[in-house]
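Working through the structure, step by step
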Amino acid sequence: AEALSRCDVLLIALNLFYFIGSLSLDRDTLAITYGLIPTNLTIFRFFWATLLHLDSVHLSVNLLFLWLFGRRVEREMGPIVFLLFYIGSGFMASI
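The numbers attached to residues start from 1 for each chain and follow its sequence in the written order. Where local features are concerned, this predicted model is filtered to residues with pLDDT of at least 70; where side-chain atom pairs are given and counted, the filter is 80 or more; whole-chain, interface and lining totals use all residues. The side-chain figures draw on all heavy atoms in the structure; neither hydrogens nor water molecules are used.

1. A closer look at helix α4 (residues 56–77)
Under the scheme used here, helices are H or I runs from DSSP no shorter than 4 residues and strands are E runs no shorter than 2 residues, and both carry numbers assigned from the N terminus. One fewer than the residue count of a helix, multiplied by 1.5 Å, yields its expected span. In this model α4 runs 29 Å from its N-terminal to its C-terminal C-alpha over 22 residues, within 8% of the 32 Å that 1.5 Å per residue would give. Throughout, bend refers to the angle between the axes fitted to the seven residues that end at a position and the seven residues that start at it. At Phe-69, α4 is bent by approximately 40 degrees, the largest bend along its length. Relative accessibility thresholds used throughout: buried, under 20% of the residue-type maximum; exposed, over 50%; partly exposed, between the two (1.4 Å probe, protein chains only). Those residues of α4 that sit buried are Leu-59, Leu-63, Leu-66, Gly-70, Arg-71 and Glu-74. Those residues of α4 that are buried lie in contact with α1 (6–22) and α5 (79–94). Side-chain atoms alone can form a polar contact between residues adjacent in sequence; in general such a contact is a pair of N or O atoms within 3.5 Å, and within protein one must be able to donate a hydrogen while the other accepts it. Two or three places before Val-57, at the start of α4, stands the capping residue Asp-55, its side-chain oxygen 3.2 Å from that residue's backbone nitrogen. Backbone geometry just after α4 places Gly-78 at a positive phi near 95 degrees. Contact between two residues is taken to exist if any of their heavy atoms lie within 4.5 Å; hydrogens are not considered.

2. Considerations on the packing of α1 against α4
The contact between α1 and α4 brings their axes to 9 Å, and the two run at 165 degrees. Considered as vectors, α1 and α4 are oriented roughly antiparallel to each other. For α1 against α4, the interelement crossing comes out right-handed. Between α1 and α4, the residues in contact are Cys-7, Asp-8, Leu-11, Ile-12, Asn-15, Leu-16 and Phe-19 and Ser-56, Leu-59, Leu-63, Leu-66, Gly-70, Arg-71 and Glu-74, respectively. Across the contact of α1 with α4, the residue classes break down as eight nonpolar, three polar and three charged. All axes here are fitted lines through C-alpha atoms, helices being fitted over the stretch that makes contact, and every angle between N-to-C directions spans 0 to 180 degrees. Angle categories are assigned with fixed cut-offs, so that under 35 degrees is roughly parallel, over 145 is roughly antiparallel, 65 to 115 is roughly perpendicular, and the rest are oblique. Note on convention: the crossing is left-handed when the near helix lies turned anticlockwise from the far helix by less than a right angle, right-handed when the turn is clockwise. Here the nonpolar group is Ala, Val, Leu, Ile, Met, Phe, Trp, Tyr, Cys and Pro; Asp, Glu, Lys and Arg are the charged ones; every other residue, Gly included, is treated as polar.

On their own, these measurements won't tell you what the molecule is for.
So this is what it looks like as structure tokens:
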């Protein structure tokens, strides 16, 4: 079995940290504070929305696919391009 890459570990840790931190907020506060709101768009909201997960199942499925495919994609792209691809994909998904 392949070991996790540094990027995978970083992204999984960021997603877990952000999710655990969001557990103390109700959904409305979470959406208003960190979600994408068309009248209040900032570049940070696109980044935060990339890490925002509705519940533990949503988070788990996303992290499973990151674990399954991320290391292979990163190996092909390289770590910097992979991180930019991850952030860019999240940004585009938020549009």
